[in-house]
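The residues making up each chain are set out below.
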Amino acid sequence: MEAESHDVVRFWERLGLPGIIDVHTHFMPEQVLRKVWAYFDSAGPLTGMEWPITYRYEEEQRLSVLRSFGVLRFTSMLYPHKPGMARWLNDWAADFAARTPDCLHTATLFPEEGVELYVKEAVENGARVFKSHIQVGDYDANDPLLDSAWGLLAEAGVPVVMHCGSGPAPGRFTGPEPIGRLLARHPRLRLIVAHMGMPEYAEFLALAQAYPEVRLDTTMAFTDFSEGFTPFPAGERGRLVDLGDRILLGTDFPNIPYPYVHQLEALERLGLGDDWLRAVCHGNAEALFGPGS
């Protein structure tokens, strides 16, 4: 681990950064995380492939690892898969953020009665970012129950990291078409498309070009693992440059099947330049979440 920490630190030191900001990391109640890991271990239908967890550690050790990498700010991405789950996940996340000052206070939501109320409460209690997982939650982002919550988040300017692409396996409501309809109603929603929208990279990049508040995170994109089954189209690299101020570093730590440093190496080998890397790994997130983020 010491050698990998050295490699990560060397990466951002070479760029002249104070560290990196990772907008897509997972911390959640232990009993929930264990079930998530068990799902990955079983190669369930939403993954459909072998997926070893590289950082299968207890919470304090996972925090220590991120800090040794020089990750200045990170998130506690968590998500419900059924009604009645989001509020208590939000309570846990609020407590986690209170005892973990370098974590951006994260919250989540689900299409159910009362969602607007607990989303409003989370925002008033300081939530800085929300997580929506269309694939796992198996819900339509355009569910009428969610409409007022999206409006509230758009008005408050709170970003939403959304797994809405159809990778690694499609869901009933994944893909760019429903997200286009959502953005047509809520064009100011600060949507961060997780995983660069894989495998519908081009379509989600087009949505980002059409809507100035849409961003994308790099989670697992461009890595050897993802390139093996859903390669990023070479013809779209120009859009990565055009949207260089709206792409944010994400990794999926700890649930990744390779070392953390490989995500950074995968970004560097795109050959888009140090200014692009500085923006993606630090500057864009700092601009979105504020100085000190």
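Values in this document were obtained by computation on a predicted structure and should not be read as measured data.

With respect to the overall build of the chain
Part 1 of the reasoning: The secondary structure content of the chain amounts to 13 helices and 9 strands.
Part 2 of the reasoning: Over its C-alpha trace the chain gives a radius of gyration of 17 Å, about what one expects of a compact globule, namely 19 Å for 293 residues.
Part 3 of the reasoning: The principal-axis extent of the C-alpha atoms belonging to the chain is close to 50 × 40 × 40 Å.
Part 4 of the reasoning: Counting every position in the chain, which comprises 293 residues, the buried fraction comes to 59%.
Part 5 of the reasoning: By sequence separation, contacts in the chain at least 24 residues apart represent 76% of the contacts at least 6 residues apart.
Part 6 of the reasoning: By element, 53% of the accessible surface of the chain is carried by carbon and sulfur atoms, the whole surface being about 11200 Å².
Part 7 of the reasoning: The positive charge centre, built from 25 side chains, and the negative charge centre, built from 40, are 2 Å apart in the chain.

Comments concerning the sheet that holds strand β9 (residues 247-248)
Part 1 of the reasoning: Taken in spatial order, the 6 strands line up as β4-β5-β6-β7-β8-β9 in an open sheet, and their pairing is parallel. Every interior strand has two partners, whereas the edge strands, β4 (106-108) and β9, have only one.

Quick notes on the environment of C281
Part 1 of the reasoning: Turning to its location among the elements, C281 is positioned in helix α13 (residues 274-289).
Part 2 of the reasoning: Excluding residues within four positions of it along the chain, C281 makes contact with F11, L17, G19, I20, I21, L249, L264 and L267.

Some points on the layout of surface pockets
Part 1 of the reasoning: Volume-wise, the largest pocket comes out at about 600 Å³.
Part 2 of the reasoning: Lining the largest pocket we find 31 residues, and of these V36, F40, Y79, H133 and V136 sit closest to its centre.
Part 3 of the reasoning: For the lining of the largest pocket, the elements supplying multiple residues, two or more each, are α2 (30-41), β5 (129-133), α6 (134-137) and α10 (224-227).
Part 4 of the reasoning: At 6 residues, the largest contribution of residues to the lining of the largest pocket is made by α2.
Part 5 of the reasoning: Its residues placed into classes, the lining of the largest pocket shows 15 nonpolar, 12 polar and 4 charged.

Quick look at the pairing of strand β2 (residues 71-75)
Part 1 of the reasoning: Of all 5 residues in β2, 4 are buried; the element is thus mostly enclosed.
Part 2 of the reasoning: Across 2 bridges, the pairing between strand β1 (residues 20-21) and β2 is parallel. The residue bridging I20 from the neighbouring strand is V71, located in β2.
Part 3 of the reasoning: One ladder, built from 2 bridges, connects β2 with strand β3 (residues 103-104); its direction is parallel. By the bridge assignment for β3, F74 is matched with C103.

Some thoughts on the sheet that holds β1
Part 1 of the reasoning: An order of β1-β2-β3 is seen for the 3 strands of this open sheet, with the pairing classed as parallel. With one partner strand each, in any of the chains shown, β1 and β3 form the two edges of the open sheet.

Some details on the pattern of salt bridges
Part 1 of the reasoning: Enumeration over the complete set of coordinates arrives at 21 salt bridges.
Part 2 of the reasoning: Two residues, R14 and D274, come together in a salt bridge whose shortest N-O distance is 3.1 Å. In this pair, R14 is assigned in helix α1 (residues 2-14) and D274 in helix α13, connecting sequence segments 260 residues apart.
Part 3 of the reasoning: Classification of R14 as partly exposed rests on a relative accessible area of 43%.
Part 4 of the reasoning: Look at D274 and you get partly exposed, because its relative accessible area is 31%.
Part 5 of the reasoning: With a shortest N-O distance of 2.7 Å, R87 and E121 are connected by a salt bridge. Of this pair, R87 sits in helix α4 (residues 86-99) while E121 sits in helix α5 (residues 115-124), and the two are 34 residues apart along the sequence.
Part 6 of the reasoning: For E121, a relative accessible area of 31% gives the class partly exposed.
Part 7 of the reasoning: One network of salt bridges, with partners in common, ties together E30, R34, E58 and R62.

Observations regarding the packing of α4 against α5
Part 1 of the reasoning: Where α4 contacts α5, the axes come no closer than 10 Å and their chain directions differ by 5°. One element, α4, and the other, α5, form an angle in the roughly parallel class. For the pair formed by α4 and α5, the contact residues are A86, R87 and N90 on the first element and L117, Y118, E121 and A122 on the second.
Part 2 of the reasoning: Partitioned by chemical class, the residues of the contact of α4 with α5 number 4 nonpolar, 1 polar and 2 charged.

Describing the packing of aromatic side chains
Part 1 of the reasoning: Using the criterion set out here, one finds 15 aromatic pairs in the structure.
Part 2 of the reasoning: Between Y201 and F232, the ring centres sit 4.9 Å apart and the planes meet at 70°, which makes this aromatic pair edge-to-face. On the criterion of sequence distance, the pair formed by Y201 in helix α9 (residues 201-210) and F232 in the loop between α10 and α11 (237-242) is long-range, its members being 31 residues apart.
Part 3 of the reasoning: Each ring, one from F225 and one from Y258, has its centre 6.4 Å from the other, and the planes form 50°; the classification is tilted. Placement of the pair is F225 in helix α10 and Y258 in the loop between β9 and α12 (260-268), with a sequence separation of 33 residues.
Part 4 of the reasoning: According to the relative accessible area criterion, Y258 is buried, its value standing at 7%.
Part 5 of the reasoning: Put simply, the rings of F40, W51, F225, F229 and Y258 touch in pairs and so form one group of aromatic residues.

Procedures and definitions
- Residues numbered from 1 in each chain as written.
- Predicted model: local features only at pLDDT ≥ 70, side-chain atom pairs only at ≥ 80, totals over all residues.
- Heavy atoms only, no water.
- Helix = DSSP H or I, 4+ residues; strand = E, 2+ residues; numbered from the N terminus.
- Rg over C-alpha atoms; globule rule 2.2 N^0.38 Å.
- Buried < 20%, exposed > 50% of the residue type's maximum accessible area, 1.4 Å probe, protein only.
- Contact = heavy atoms within 4.5 Å.
- Areas by Shrake-Rupley, 256 points an atom, 1.4 Å probe, with all protein chains shown as cover.
- Lys, Arg positive; Asp, Glu negative; His and termini not counted.
- Charge placed at Lys NZ, Arg CZ, Asp CG, Glu CD.
- Pairing = 2+ DSSP bridges.
- 1 Å grid on protein atoms, 1.4 Å probe; cavity = no way out; pocket = protein on both sides within 12 Å on 5 of 7 lines; lining within 4 Å.
- Points joined across faces, edges and corners; volume = space filled by probe spheres on them.
- Nonpolar A, V, L, I, M, F, W, Y, C, P; charged D, E, K, R; others polar.
- Salt bridge = Lys/Arg side-chain N within 4 Å of Asp/Glu carboxyl O.
- Axes fitted to C-alpha atoms, helices over the stretch in contact; angles between N-to-C directions.
- Parallel < 35°, antiparallel > 145°, perpendicular 65-115°, else oblique.
- Phe/Tyr/Trp six-rings, centres within 6.5 Å; stacked < 30°, edge-to-face > 60°.

Purely geometric numbers; function is a separate question.
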